[in-house]
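An overview of the molecular structure
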Amino acid sequence: MAKDAKDSYLVGLIGSGIGPSLSPALHEREADRLGLRYLYRLIDIEGLGVPPEAVGDLLRAARDLGFDGLNITHPCKQLVIEHLDALAPQAEALGAVNTVVFEDGRSVGHNTDVSGFAASFARGLPDVPLERVVQLGAGGAGAAVAHAMLTLGAERVTVVDALTDRAADLAAALNRHFGAGRAAGAALDALPALLTHADGLVHATPTGMAAHPGLPLPAELLHPGLWVAEVVYRPLETELLRTARSLGCATLDGGGMAVFQAADAFRLFTGREPDRARMLADIAELADPVGTPSQ
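So, here's what we can say about the structure.

What counts and what doesn't
Residues numbered from 1 in each chain as written. Predicted model: local features only at pLDDT ≥ 70, side-chain atom pairs only at ≥ 80, totals over all residues. Heavy atoms only, no water. Helix = DSSP H or I, 4+ residues; strand = E, 2+ residues; numbered from the N terminus. Rg over C-alpha atoms; globule rule 2.2 N^0.38 Å. Contact = heavy atoms within 4.5 Å. Areas by Shrake-Rupley, 256 points an atom, 1.4 Å probe, with all protein chains shown as cover. Lys, Arg positive; Asp, Glu negative; His and termini not counted. Charge placed at Lys NZ, Arg CZ, Asp CG, Glu CD. Buried < 20%, exposed > 50% of the residue type's maximum accessible area, 1.4 Å probe, protein only. Arc of directions from axis to C-beta. Salt bridge = Lys/Arg side-chain N within 4 Å of Asp/Glu carboxyl O. Axes fitted to C-alpha atoms, helices over the stretch in contact; angles between N-to-C directions. Parallel < 35°, antiparallel > 145°, perpendicular 65-115°, else oblique. Left-handed = near helix turned anticlockwise from the far one by under 90°. Nonpolar A, V, L, I, M, F, W, Y, C, P; charged D, E, K, R; others polar.

1. Structural notes on the overall build of the protein
- Counting secondary structure elements, the protein contains 11 helices and 12 strands.
- Against the compact-globule benchmark of 19 Å for 295 residues, the protein has a radius of gyration of 19 Å, which places it among compact chains.
- Over its C-alpha atoms, taken along the principal directions, the protein stretches across nearly 55 × 35 × 35 Å.
- Contacts spanning at least 24 positions in sequence make up 71% of the contacts within the protein whose residues lie at least 6 apart.
- Within the structure as shown, the protein displays about 12100 Å² of accessible surface, and the carbon and sulfur contribution to it stands at 53%.
- Charge-centre separation for the protein: the mean point of 23 positive side chains lies 4 Å from the mean point of 36 negative side chains.

2. Side note on helix H3 (residues 55-64)
- All of the buried residues in H3 are Val 55, Gly 56, Leu 58, Leu 59 and Ala 62. Across the axial projection of H3, the buried residues extend over an arc of 165 degrees, all falling on one side.
- In the core, the buried residues of H3 are packed alongside strand E1 (8-15), strand E2 (37-44), helix H2 (45-48), strand E3 (69-72) and strand E5 (99-103).
- Note on H3: the residue one or two positions beyond its end, Gly 66, has a positive phi of about 95 degrees.

3. Points about the environment of Leu 59
- In this structure, Leu 59 sits in helix H3.
- Residue Leu 59 is classed as buried on the basis of its relative accessible area of 3%.
- Along the backbone, Leu 59 and Gly 109 are 50 residues apart, and their C-alpha atoms lie at a distance of 11 Å.
- Contact partners of Leu 59, with chain neighbours within four places excluded, come to Ile 14, Leu 70, Val 80, His 83, Leu 84, Val 100 and Phe 102.

4. Here we look at the pattern of salt bridges
- Per the stated rule, a full pass over the model turns up 18 salt bridges.
- Between Arg 267 and Glu 273 there is a salt bridge, with its nearest N and O atoms 3.8 Å apart.
- Arg 267 gets classed as partly exposed once you look at its relative accessible area, which sits at 32%.
- Residue Glu 273 is classed as partly exposed on the basis of its relative accessible area, which comes to 48%.

5. A word on the packing of helix H10 (residues 255-270) against helix H11 (residues 276-286)
- Put simply, H10 and H11 touch, their axes get as near as 9 Å, and they point 135 degrees apart. By the angle between their directions, the pair H10 and H11 is classed as oblique. The two elements H10 and H11 cross, and the hand of that crossing is right-handed. Taken together, the residues of H11 that come into contact with H10 (itself represented by Gly 255, Gly 256, Ala 258, Val 259, Phe 260, Ala 262, Ala 263, Asp 264 and Arg 267) are Arg 276, Met 279, Leu 280 and Ile 283.
- Residue composition of the contact of H10 with H11, by class: 8 nonpolar, 2 polar and 3 charged.

Okay, structure coming up:
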C-alpha cells in the first residue's frame, strides 16, 4: 500500500529523558488538520530502565508491533545505525540517524536535523555573511548543524568543544565530506580570539535549557558584528539570544529547527506534505520555558 493511501499512523520517539519533547504535539496537531489518525508515542529508555544499547531491541519491537516509523534522539542517534537495513545519503554522511522509516519489511535511517536547521537558517537569517562561522558544541546536534552550515555555503566552520578530541574528530569528518580546509576544531580557550573575527556564532550545546540555565560563554565575547543562531528551543528565548539581541546582534532561535526537522520526518512517515507555517505557529504556542533539546 502506498504511503499516501493510508490514513492511520503509529510512530514514536526513542531517547532518554524525553518527557518534555514537543514532537508528539507537533506531529499530532498537523496530522489532525490533515484528517489523519496519528498516534505518536514516547519510548523513554530512562523510564524503561534500559541502556542506550537497547535501541536495537526497541527498534525491532516497534517494527513487530506495526509502527510506521520512529524518531531517534540522544543518546541513540549513532547506536541505532548498526540495526538498520539502509541509510539515506544524508544520514550516512553524518553518521547519525534521527528518523527511521519502516517500509516493505525494511528499516531505513534518515537525518532531518540537517535539513531542519538549514531550512530554519535560510528562513531566519537569509542574508548574513558566512565567511567565518564559529560553532560551540560538537555533539549530535553540533554535527548536524555544522553539516547544515557548510551545505548553506559557509566558507569555514570552526568547531569549539570542551572535549577537544570531539571537536577535532567532527572537523576531520566535515573536511572529508566538504573538502580540505572547510572546518577546524578548537579548544574553549580559543573562543575569544575566534569570535573577535567571526561573522557568526552557532550554539549547539544544552546550555540555556530550563534544566541547564545560563550562558554557554562569557557575555563579553559577544559583539554587535556577530549573528547568533541557537539550537535550544525551550525556552525559545534563551539567555544567549536575549543577551545577543540586547547588543544588536541578528539572532535565530531554535524553534525553526525543531519544526522543520519534525515536518521533514512527518513527510517521510506519511508521504504527506505538512504545512510548515502552521507548525511554526504551534511551536510558538507550545514552547513555554520548560527546556528540552531539539526533538
